[in-house]
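# Structural overview for review
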Amino acid sequence: MSVELIMNRRPVTLQATDTVAGALELLLKHRYRSIPIVDADRKFIGLFEARHLLGLLLPKAATVPGGLTDLTYVHDSIEDLRLRLREVSGLSVRECLENHAEAAPESSSAEKADDDTVLVRPGTPLTETLLLLYRGRCSLPVVDAESGRLLGVVSYWEVFRRLAGKD
Amino acid sequence: MHGALTGQWIPRVIFGWDPLWVSGAVFVVTYAVIISERINRAIVALLGAGLMIFSGVLNQQAAVRGVDFNTLGLLAGMMVIVAITRRCGVFQYVAIWSAKKVRAEPWGILLMFSLVTAFFSAFLDNVTTVLLIAPVTLLITEELKVNPYPYLFSEILFSNIGGTATLIGDPPNIMIGSAAHLNFMDFVVNLAPIVLVIMVATLVPIYVIYGRRLHATEEARGRVMHFDEREAITDTRLLKQSLFVLALVILGFMLAHVLRVEPATIAMFGASLLLLLDNWPRKAEEQSRQVHRAFGEVEWVTIFFFVGLFIVVAGIDRSGILKILAHHVLDLTGDSLPVTAMAVMWVSAIASSIVDNIPFVATMIPLVKNMGPTFGGPDALLPLWWALALGACLGGNGTIIGASANLIVAGFSERAGHPIRFVPFLLQAFPLMLFSVAIASLYLYLRYLS
């Protein structure tokens, strides 16, 4: 069985030009942890993740590789963080991804988009998909190898629903 | 140590070729490939070392005798001590404490961070120091909303300047100390005073170029003042153990000549003691994990690079090239000690600003030793050793590729979105490097050569 049979074929998506503020609203509304970004032709650009948003709020000194391992001594207030969010809320999600990719550590598994996003192909076996989800991905974009288009998304919810016979 | 220890082996080179040419060719090719940076330097040095043996310039015993285990032991021991110590957060503590001491004023922080960098670099290796200070610098400049470039620029310079001051501050000093039997206090007495002068002299132009233009709002400074440095200490027990062992090791270095032990013994013993203290109450499996982790942080690439280099240099020393080269240098300098010392310092500085100072110094050490008979024995060579140490260490400041610490800061800075470019860095750092070497030349002349 491959991932194609269980993926969500109508996932919520973002356009590359959508702002961080817009992405935050979608994340909150759907309680997603990540949303795929596509262009006008539905070509997959990357995955906007909630942790990218956290990365924008944190000092770069702690998010770049080789940076600080803890920030126990920094006492930013909620106002400081709101101010920082306001400063970045006008950024496009694509810019946000690019910033993140510059500082991102290498990931080693499966196929990659232009950042450290792990993606799967429609024919990727189910067990391999489970392994990738087990390794800490909350959802995986399913992308056509030739056209680069986003075909769907698979998260552990799709897997569990299928297992529980609730599809 | 290099020349003398390569022993009784008489080169028997394949096909009856002249050992002089064969060893010279292996040396030149090895160094050319190292400089090209196309292949990892440890691989190149070890291949060069293998060729010296396979070609018959050296045999294995002669090659092993060429390796300075005092340098390797000192490096590895200090790397283990630092790997354990850094876990307790003491470096962040000192950085934040120093920033708050100057009320988070931007120029004050630049000054303090430069001094902290120089101090730590004098006792730890420069790369470790900048790895620890650069992230804190970025954090504080982000909070202050000031450009981190002047801070990182200054920290690069001060890591190399501070490292010049002691036996353990920079690998060239470790090698020189080991080969010339100079102890920790010899370095402190002879190099630390001029290093202090150079630090002050370097701060003046940095203030003029950057310092007076740095401003931060009251609000931003307030954020830094709210940092609580005590919370940076993640493990109080480890902190006490680390500081105790570090103090013991530095005391050991100071008393090395009285104790009649080599620095490698002190560093390795210190590392073992700290490993013991850190692992004392842990279970066996947990101990294995911790010890594995501590040894894993030893930079094995550097250690193996040294092994290969020592053997390659032993090859050209054994074949007699360095003796011939030393005679040529002395012909050029007219057998004059002052002229030779100045030549050694300036050539070392310029060379070290372009290429890695470790292979350069590894070659210069036996070369300088070969000059001993001309100047009346090993004691007369002292000014040349100081010239080599000052030139090779300070020279690292000339370009962004002049020292490993420079590259580490540049890499980190680029990832954080503040790239340090080759030419702008060169335009500011190279004149400052020449300035520091000029001061060192004057010192060397007045103290040892006039």
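Everything here concerns the structure above.
Now for a look at the structure at hand. This structure is a prediction, so every number in the text was calculated from the model and none was measured.

## Some thoughts on the pattern of salt bridges
All chains considered together, the criterion is met by 15 salt bridges over all chains. For E219(B), the salt bridge goes to R223(B), with nearest N and O atoms at 4.0 Å. You can see E219(B) and its partner R223(B) sitting in helix α12 (residues 218-225), four residues apart, about one turn around the helix. Here E219(B) falls in the exposed class, since its relative accessible area comes to 56%. By sharing partners, the salt bridges in this structure join D76(A), R84(A), E143(B), E219(B) and R223(B) into a single network.

## Some thoughts on the interface of chain B and chain A
Note on interface size: it is often stated as the accessible area lost on association of the parts. Across the boundary between the two partners, chain B contributes 19 residues, which contact 19 residues of chain A. Together, the buried faces of chain B and chain A total about 1,700 Å²; carbon and sulfur atoms form 57% of this surface. Taken as a group, L139(B), E231(B) and R415(B) account for 29% of the area that chain B buries against chain A, more than any other trio of residues on that side. Here chain B and chain A share two salt bridges between them. Ionic pairing is found between E143(B) and R84(A), a salt bridge with its closest N-O pair at 3.9 Å. Put simply, chain B and chain A have seven residue pairs in polar contact (both at pLDDT 80 or more) between them.

## Quick notes on helix α2 (residues 19-36) of chain B
Counted at 1.5 Å a residue, the expected span for α2(B) with its 18 residues is 26 Å, and the 25 Å between its end C-alpha atoms agrees. Next to the buried residues of α2(B) lie α3 (41-54), α17 (300-319), α18 (321-332) and α20 (357-369) of chain B.

## A word on unusual backbone geometry
Peptide bonds are mostly trans, and most non-glycine residues show a negative phi. Phi is positive for R42(A), which is not a glycine, with a value near 65°. Here R42(A) is to be found in the loop between β2 (34-38) and β3 (44-49). The backbone of R103(B) sits at a positive phi, close to 55°, despite the residue not being glycine. Structurally, R103(B) is set in the loop between α6 (90-101) and α7 (106-123). With a relative accessible area of 55%, R103(B) lands in the exposed category.

Reading guide: rules and limits
Residues numbered from 1 in each chain as written. Chains lettered and ligands numbered in written order. Predicted model: local features only at pLDDT ≥ 70, side-chain atom pairs only at ≥ 80, totals over all residues. Heavy atoms only, no water. Salt bridge = Lys/Arg side-chain N within 4 Å of Asp/Glu carboxyl O. Helix = DSSP H or I, 4+ residues; strand = E, 2+ residues; numbered from the N terminus. Buried < 20%, exposed > 50% of the residue type's maximum accessible area, 1.4 Å probe, protein only. Contact = heavy atoms within 4.5 Å. Buried area = accessible area lost by both parts, 1.4 Å probe. Polar contact = N/O pair within 3.5 Å; in protein donor to acceptor, adjacent residues only side chain to side chain. Expected span 1.5 Å × (residues − 1).

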